[in-house]
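Commentary on secondary and tertiary structure
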Amino acid sequence: APIAAPDISKCGTKSLSGFKQVEDTATVKGTPTGGDCCPPDSSQILDFQFPKNQAFKIRPAAHLLSPKYIAKFNLAIKRMKELPEDDPRNFLQQARIHCAYCNGAYTQSSSGFPDIEIQIHNSWLFFPFHRWYLYFYERILGSLINDPTFALPFWNWDTPAGMTIPKYFKDPKSALYDPKRNPYHLNAVVDLGFDGKDKDTTDIEKVKNNLGIMYRYMVTNATDPEGFFGKPYRAGSSSAGSGSIEQNPHVPVHRWVGDPREANGENLGNFYSAGRDTLFYCHHSNVDRMWSLWKMMGGKHVDINDPDYLNTSFVFYDENKNLVRVYVKDSLLTKKLGYDYQRVDVPWLKSKP
Ligand code: C2O
């Protein structure tokens, strides 16, 4: 059976112990609490409907943003941070969503398994969960600046010019700034295979390695849906295996940005805190873009059609503070959700190692 959306009124009451680093199973200091993870409760849940006459959005490459777009993005995040703490659209409340679905705050009680936690990583739920998460995040940002066309930029780490953290994230006066990042990586070329240790390679070699990694995880190791999306995850079971892109470069980018001076690689390097760094949303915008690109390759590159996958549900707060239930089956087509990605070069397609 599919995993049903969690009962958020039971958030954090059962476990909150399944605390892991994005990749490591190493012991982690300080367990997240309900205050790190649990959203405000809601007396009613609406079923998701595709908005009528929605404005179409094009998510732009983060390193190509105009000053005007940067200012809009900054203002939207600033307003999100200024919302009252208990508003579900508030910046920290939005970060909690990731903590709740990833750190054992929710169990599968709605599906009849109150002793088994929900963990949307490491399984076929990775792509659709994060797509829905960003979908509502983007709608909230757009509504806070009265711009329904506002679209989340994607951190274009799969192209040479996009392989560093865009400048505007690093201005301490900006709402996009996060002090908890690796200070040695702020101006460096990202390592899409980062395993916790910096490699002694030149920038040119790094770029070449990165393109090779992209090819391996988008093409070589992703020849069918299970290879790309990850292993099945059904009610009554635990998540059992991640798809190619979730492994690399998704996890390495988290760890590469996270601050090694913090106990658990906060913020981006850890599930419970990842959503507190604005870069998270641009990182995941590009991860989400990989889903679209992969399907454009044709052949066996199709969505999973298992009913347990398609009927899995989650709940998110929308821009009107309504709690909305969504299904995986409604997440498969970005154009139906009202957005697409700016067309840019895809250099790794020609980078067979
Ligand atoms: Cu839910 Cu990139 O992690």
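Note that the structure is a prediction, hence the values are computed from the model and not measured.

1. A word on the UniProt feature "binding site: Cu cation A" (unreviewed entry) in the chain
- Within the UniProt annotation, "binding site: Cu cation A" (unreviewed entry) is assigned to His98, His121 and His130. Spatially, the listed residues are clustered: although they cover 33 residues, their C-alpha atoms lie within 10.3 Å of one another.
- Following the sequence through the fold, His98 ends up in helix 3 (residues 91-102).
- For His98, a count of 24 C-beta atoms within 10 Å gives the class buried.
- When near neighbours in sequence (up to four residues on either side) are disregarded, His98 contacts Phe271, Ala274 and Gly275.
- Structurally, His130 is set in helix 4 (residues 126-144).
- Not counting chain neighbours up to four residues away, the residues in contact with His130 comprise His284, Val287 and Asp288.

2. Overview of the sheet that holds strand 5 (residues 313-317)
- Strands sit in the order 1-6-5 across an open sheet of three strands; the sheet is mixed. A single partner strand is all that each edge strand has here, and the edge strands are strand 1 (45-47) and strand 5. Strand-to-strand twist across the sheet, computed as the mean angle between neighbouring axes with direction ignored, equals 35°.
- Inspection of the sheet shows strand 1 paired to strand 6 (residues 323-327) by three bridges, in the parallel sense. From the neighbouring strand, Leu46 faces strand 6, where its bridge partner is Val324.

3. Looking at the UniProt feature "binding site: Cu cation B" (unreviewed entry) in the chain
- In the numbering used here, UniProt assigns the feature "binding site: Cu cation B" (unreviewed entry) to His250, His254 and His284. A maximum C-alpha distance of 10.0 Å is found for the annotated residues, which run over 35 residues; spatially they form one tight group.
- Following the sequence through the fold, His254 ends up in helix 7 (residues 244-257).
- Turning to its location among the elements, His284 is positioned in helix 8 (residues 279-296).
- By C-beta crowding, His284 is classed as buried, having 25 other C-beta atoms within 10 Å.
- Among all residues touching His284, those that are not within four sequence positions of it are His130 and Leu134.

What counts, and at which threshold
Residues numbered from 1 in each chain as written. Predicted model: local features only at pLDDT ≥ 70, side-chain atom pairs only at ≥ 80, totals over all residues. UniProt positions renumbered as here; feature names shortened; annotations may be inferred. Helix = DSSP H or I, 4+ residues; strand = E, 2+ residues; numbered from the N terminus. Buried ≥ 20, exposed ≤ 12 C-beta atoms within 10 Å, placed from the backbone. Contact = placed C-beta atoms within 7 Å. Pairing = 2+ DSSP bridges. Axes fitted to C-alpha atoms, helices over the stretch in contact; angles between N-to-C directions.

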